[in-house]
Amino acid sequence: MLLTSLVMEDDAPSPADLSLRSVVVGLGLALLFALALYAQAHLMDRDDVNRSSFITLSFLFGMPMVAPAILVRMVDPRGRLRQRVHGLLGLGMFLLLAVAGLLVDGWGVCLVLAAPLFLVLSPLAAITTGQWLRQRGTLGVSLLPVLPFVLLPFDRQFPPPAEPVAVSTTRFIPSPPQQVWSALIEVRGIRPAEQRFTWAQSVLAIPRPVDARLDHAGVGGVRHVRWERGVHFQEVVTDWQAGRRLAWRFAFQPDSFGEAIDGHIWPDSAYLKVNAGEYRLQPVPGGTRVTLVTRYRLATRLNGWCKLWGQWLIDDFHRNVLHVIAGRAAKA
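Residues numbered from 1 in each chain as written. Predicted model: local features only at pLDDT ≥ 70, side-chain atom pairs only at ≥ 80, totals over all residues. Heavy atoms only, no water.

Student: Could you give an account of the sheet that holds strand β7 (residues 287–298), with specific residues and numbers?
Tutor: The strand order across the open sheet formed by seven strands is β1-β7-β6-β5-β4-β3-β2, and the pairing between neighbours is antiparallel. Strand pairing shows two members of the sheet lacking a second neighbour, β1 (163–173) and β2 (209–214), which therefore form its edges. Geometrically, the sheet is characterised by an average inter-axis angle of 20 degrees between neighbouring strands, direction not taken into account. Pairing of β2 with strand β3 (residues 222–227) involves five bridges; the strand directions are antiparallel. Note that in β3 the partner of Asp211 across the bridge is Arg226. Those strands touched by helix α9 (residues 177–185) are β1, β2, β3, β4 (232–241), β5 (245–251), β6 (272–284) and β7, and its axis lies near 155 degrees from that of β6. Along the sheet face, helix α11 (residues 303–331) touches β1, β2, β3, β6 and β7 and points at about 30 degrees away from the line of β1. (Pairing = 2+ DSSP bridges. Helix = DSSP H or I, 4+ residues; strand = E, 2+ residues; numbered from the N terminus. Axes fitted to C-alpha atoms, helices over the stretch in contact; angles between N-to-C directions. Contact = heavy atoms within 4.5 Å.)

Structure, rendered in structure tokens:
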């Protein structure tokens, strides 16, 4: 009786709705929905890598809202369980989706970016579904799983306006500007011991820089950059002011990143275009103030959310690069 009172509303006749069988069936159907929606998004992206189905509203909101709704619909079709139980079912659905994401896609930026949204939306969707079932019946919830599949193709076709973004990181280096300049125009053979702990690279496993070589000095020169796991791209110099400013535009090839960072992220696409970067050097008492800037264009329906993550990840990466440069300038 105590267990019944904890999980059931006062007017519920029995706890039969919370049977193990209904939970297992509900989890299975919810997971089947999630995998089917993932497969649709993946197939669309395979045919058109210039757009990403995984950063659409249909996917980012459809997945964590519909999967818990399916689970609650199967476990408690009359909406008689308490809200806290619906919330726990939603939390359990979030954990299952997270595990499925790890197994299907592995650890990556997209999983980390989506996890907080899923963590909030999954319990909320489960609680809302329970209330809907109690007041309006099962028809609306039964039709809900169809919506993301119908809306996803349209969601992809209408990207939001692009927004320019710049991430800037500044560090004081106790070396004169010319010494710092010599250390940053080329950064050959970067060793792991030279680099610092970063969340982006040490935890999220984004590849670390390995080498940066300049083919010739001055505007038009090309820095050939390599990171771990085969990542490679070019930085074409657009401004060269020795000891003061080095600016470039990025040039990527189809195989620049492969699957090394995240298969759903391409830095030269309609939704994300990493454009340019620069170093600015300012002499100050005792050394040099160095600023590293990366500029990119973002066009998603969640620009604000993506910008927060972009600021954190790129700034983290900048700090590692500036740490390496500071170490080399000190030894020059």
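Now that the structure has been shown, the text picks up again.
Student: I'd like a rundown of unusual backbone geometry, residues and numbers included.
Tutor: Notably, Ala205 is not glycine yet its phi reads approximately 65 degrees, a positive angle. Following the sequence through the fold, Ala205 ends up in the loop between α10 (199–203) and β2. Looking at Ala205, the relative accessible area reads 35%, which means it is partly exposed. (Buried < 20%, exposed > 50% of the residue type's maximum accessible area, 1.4 Å probe, protein only.)

Student: Now, about the packing of aromatic side chains: what can you tell me, with residues and values included?
Tutor: Tallying each qualifying case throughout the model produces 19 aromatic pairs. Taking 5.6 Å as the distance between ring centres and 90 degrees as the angle between the ring planes, the aromatic pair formed by Phe33 and Phe149 counts as edge-to-face. In this pair, Phe33 is assigned in helix α2 (residues 20–47) and Phe149 in helix α8 (residues 146–157), connecting sequence segments 116 residues apart. Following the ring pairs from residue to residue traces out a cluster consisting of Trp227, Phe233, Trp248, Phe250, Phe252, Phe257, Trp266, Tyr279 and Phe317. Across from the ring centre of Trp132, 4.7 Å away, lies the NZ or CZ of Arg136, which sits over that ring. (Phe/Tyr/Trp six-rings, centres within 6.5 Å; stacked < 30°, edge-to-face > 60°. Lys NZ or Arg CZ within 6 Å of the ring centre and 35° of its normal.)

Student: Outline the nonpolar core, supporting the account with residue identities and numerical values.
Tutor: Val180, Leu184, Phe233, Leu246, Tyr279 and Ile325 are the most contacted members of the largest nonpolar core, which totals 49 residues. In terms of residues, this core owes the most to one element, α11, which gives 10 residues. Those residues in contact with Phe233 that lie beyond four places of it in its chain are Arg223, His224, Val225, Trp227, Phe250, Ala251, Phe252, Gln253, Ser256 and Phe257. Grouped together as the second largest cluster of nonpolar side chains are 33 residues, Val66, Val72, Val85 and Val141 included. (Core = buried A, V, L, I, M, F, W, Y, C linked by side-chain atoms within 4.5 Å.)

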